[in-house]
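# Residue-level structural notes
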Amino acid sequence: MTGSERPVAIVTGASRGAGRGIAVALGEKGYRVYVTGRTLNEGDAPLPGTIGATAAQVTAAGGEGIAVQVDHADADGIAALFDRVASESGRLDILVNNVAAIHDDLVKPGPFWEKSTGLVDILDVGLRSQYLASWHAAKLMVPAGSGLIVFTSSFGSVCYMHGAAYGAQKAGVDKFAADMGVDFRGTGVAAVSLWMGPLRTERSARTLGEHPDQYEAFMANAETPEFNGRVIAAIHDDPALADLNGQTLITAEAAQRYGITEEGGRVPPSYR
């Protein structure tokens, strides 16, 4: 598959974690994936992973990974990303809105007023930034008559998980999908929010080591980020995509519909 033939995706916040695995899974499907994040060099962040390493994994998986350093708190930086994609690729098939500002206090026990006010940054990089990215994506997708915008969310949008700021961000992106979906009706573009289960990531591995009693049972049935990426690719290719527009979907349930499992045939549970 040549560069001009490849479908094109942007996965934000893909130095590590959910974004990294989703980007690699799209690479498996032959996508050109623009991998965004801030981390250029190992050691620049407290957790392992860089945008360059993720881009290399996308290419190794069969796609074309392109690392783009973006601070998603910067509106001009977001605009420049989409200008680059339009110039280089001339299209955008999938935007995965995954980037979020995650403070280390997120998983600490205790009420919100005993934690850092830095937790509220998730409403900037995680809500505001995803709105702006979707705005730019729509400018490319609607004239083309096709495209998919995905918000990575969790059931923390409707139950207590990690506190008020986290819950507000997840509820917010679910609402983004619902209301953007109304605007997208009849355009060929769809927006969905995806409730991922607990994920096996660098952050969750660290958290498990720090709080084994709290998280060991919870992580026993955790999903891989790649599993979620394969579901996203299947949603994009679904002939009934228009029927999914505006919905919040549960990855584990969508995977069963598309016949997608984890390695070894394991079927992650739905937390509905």
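Quick look at the structure, then. Each chain carries its own residue numbering, running from 1 in the direction its sequence is written. Only residues with pLDDT of at least 70 are given local features in this predicted model, and only at 80 or more are side-chain atom pairs given and counted; all residues enter the totals for whole chains, interfaces and linings. Note that the side-chain values use all heavy atoms of the structure and ignore hydrogens as well as water.

## Some points on the overall build of the protein
- Going along the chain from the N terminus, every DSSP run of H or I of four or more residues is numbered as a helix, and every run of E of two or more is numbered as a strand. Secondary structure assignment for the protein yields 10 helices and seven strands.
- We compute the radius of gyration from the C-alpha atoms alone; for a globule the expected value is 2.2 Å times N to the 0.38, where N is the number of residues. Expected size for 272 residues packed as a compact globule is a radius of gyration near 19 Å; at 17 Å, the protein falls within 12% of this value.
- Each principal axis of the C-alpha distribution contributes one length, and for the protein these read about 50 × 40 × 35 Å.
- Considering only contacts in the protein between residues 6 or more positions apart, those separated by 24 or more positions represent 70%.
- For the protein, the exposed surface amounts to about 11,900 Å²; the carbon and sulfur share of it is 53%. Contacts are assigned to residue pairs with any non-hydrogen atoms lying within 4.5 Å of each other. For every accessible area listed, the method is Shrake-Rupley and the probe measures 1.4 Å; residues are considered covered only by the protein chains on display.

## Quick look at the pattern of salt bridges
- Salt bridge criterion: a side-chain nitrogen from Lys or Arg within 4 Å of a carboxyl oxygen from Asp or Glu. Enumeration over the complete set of coordinates arrives at 11 salt bridges.
- With its nearest N and O atoms 3.7 Å apart, the salt bridge here joins arginine 128 to aspartate 124. Note that arginine 128 and aspartate 124 are positioned in helix H4 (residues 124-144) at a spacing of four residues, about one turn of the helix.
- The salt bridge partner of arginine 266 is glutamate 262, with a shortest N-O separation of 3.8 Å.
- What makes arginine 266 partly exposed here is its relative accessible area of 23%.
- Three or more residues are tied together by salt bridges with common partners; here these are Arg6, Arg32 and Glu64. Classification of residues uses two cut-offs on accessible area relative to the type maximum, computed with a 1.4 Å probe and protein chains only: under 20% is buried, over 50% is exposed, and between them is partly exposed.

## Looking at the nonpolar core
- Only buried Ala, Val, Leu, Ile, Met, Phe, Trp, Tyr and Cys residues count toward a nonpolar core, and they belong to the same one when joined by side-chain atoms within 4.5 Å. The biggest cluster of nonpolar side chains holds 32 residues, and the ones touching the most others in it are Leu26 and Leu148.
- The leading source of residues in this core is helix H8 (residues 225-237), at six residues.
- Those residues in contact with leucine 148, other than ones at most four positions away along the chain, are Asp93, Ile94, Leu95, Met141, Ala190, Val192, Ile232, Ile235, His236 and Leu241.
- Grouped together as the second largest cluster of nonpolar side chains are 26 residues, Leu81, Phe82, Leu95 and Ala177 included.

## Regarding the packing of H4 against helix H5 (residues 164-184)
- Note on geometry: axes are C-alpha line fits, over the in-contact stretch for helices, and angles between N-to-C directions span 0 to 180 degrees. The contact between H4 and H5 brings their axes to 10 Å, and the two run at 20 degrees. Classified by the angle between their axes, H4 and H5 sit roughly parallel to one another. As H4 runs across H5, the sense of the crossing is right-handed. Each of Gly126, Leu127, Gln130, Tyr131, Ser134, Ala138 and Val142 in H4 lies in contact with H5, whose residues at this interface are Gln169, Gly172, Val173, Phe176, Met180 and Phe184.
- Tallied by class, the residues present in the contact of H4 with H5 amount to eight nonpolar, five polar and no charged. Reported orientations rely on four angle classes, namely roughly parallel under 35 degrees, roughly antiparallel over 145, roughly perpendicular from 65 to 115, and oblique for the rest. Handedness of each helix crossing follows the sense of rotation of the near helix against the far helix: counterclockwise by less than a right angle gives left-handed, clockwise gives right-handed. Classification used: nonpolar for Ala, Val, Leu, Ile, Met, Phe, Trp, Tyr, Cys and Pro, charged for Asp, Glu, Lys and Arg, polar for all others including Gly.

## Some details on the sheet that holds strand E1 (residues 8-11)
- Only strands that DSSP links by at least two bridges are regarded as paired with each other. Sheet architecture is open: seven strands sit in the order E3-E2-E1-E4-E5-E6-E7, paired in parallel fashion. In the strand order of this sheet, the two ends are held by strand E3 (64-69) and strand E7 (248-250), each with one partner. Going from strand to strand, the sheet's axes swing by 20 degrees on average, the running direction of each strand aside.
- Relative to strand E6 (residues 189-195), strand E5 (residues 147-153) runs parallel, the two sharing seven bridges. When the bridges of E6 are listed, leucine 148 appears paired with alanine 190.
- The strands touched by helix H3 (residues 75-89) within the sheet are E1, strand E2 (32-37), E3 and strand E4 (94-97), with E2 carrying the most contacts at an inclination of about 160 degrees.

## Some points on H4
- Taking 1.5 Å per residue, 21 residues should reach 30 Å; H4 reaches 29 Å between its end C-alpha atoms and fits that length.
- Helix geometry: H4 is bent most strongly at alanine 138, by close to 30 degrees.
- Regarding H4, the residues found buried are Val125, Gly126, Leu127, Ser129, Gln130, Ala133, Ser134, His136, Ala137, Ala138 and Met141.
- Those residues of H4 that are buried lie in contact with H3, E4, E5, H5 and E6.
- Once H4 ends, the next one or two residues include glycine 145, with phi positive near 80 degrees. In this scheme, a helix's expected span is set at 1.5 Å multiplied by one less than its residue total. Consider a residue and the seven residues that end there alongside the seven that start there; fitting an axis to each set, the bend is the angle between those axes.

## Section: the environment of isoleucine 149
- Inspection of the secondary structure assignment puts isoleucine 149 in strand E5.
- For isoleucine 149, a relative accessible area of 0% corresponds to the buried category.
- Considering only alpha carbons, one finds isoleucine 149 and alanine 9, 140 residues apart in sequence, at a separation of 9.8 Å.
- Not counting chain neighbours up to four residues away, the residues in contact with isoleucine 149 comprise Leu95, Asn97, Ser134, Ala137, Met141, Phe184, Ala190, Ala191 and Val192.

## Focus: the packing of aromatic side chains
- Ring pairs shown here join Phe, Tyr and Trp side chains whose ring centres sit within 6.5 Å, with only the six-membered ring taken for Trp; geometry is labelled stacked below 30 degrees between planes, edge-to-face above 60, and tilted in between. Inspection of the entire model under this criterion finds four aromatic pairs.
- Ring centres of phenylalanine 112 and tryptophan 113 lie 5.3 Å apart, and the angle between their planes is 85 degrees; on these two criteria the pair is classed as edge-to-face.
- Using a relative accessible area of 58% as the deciding quantity, one classes phenylalanine 112 as exposed.
- Between tyrosine 131 and phenylalanine 176, the aromatic rings sit 5.7 Å apart at their centres with planes inclined by 55 degrees, giving tilted as the arrangement.

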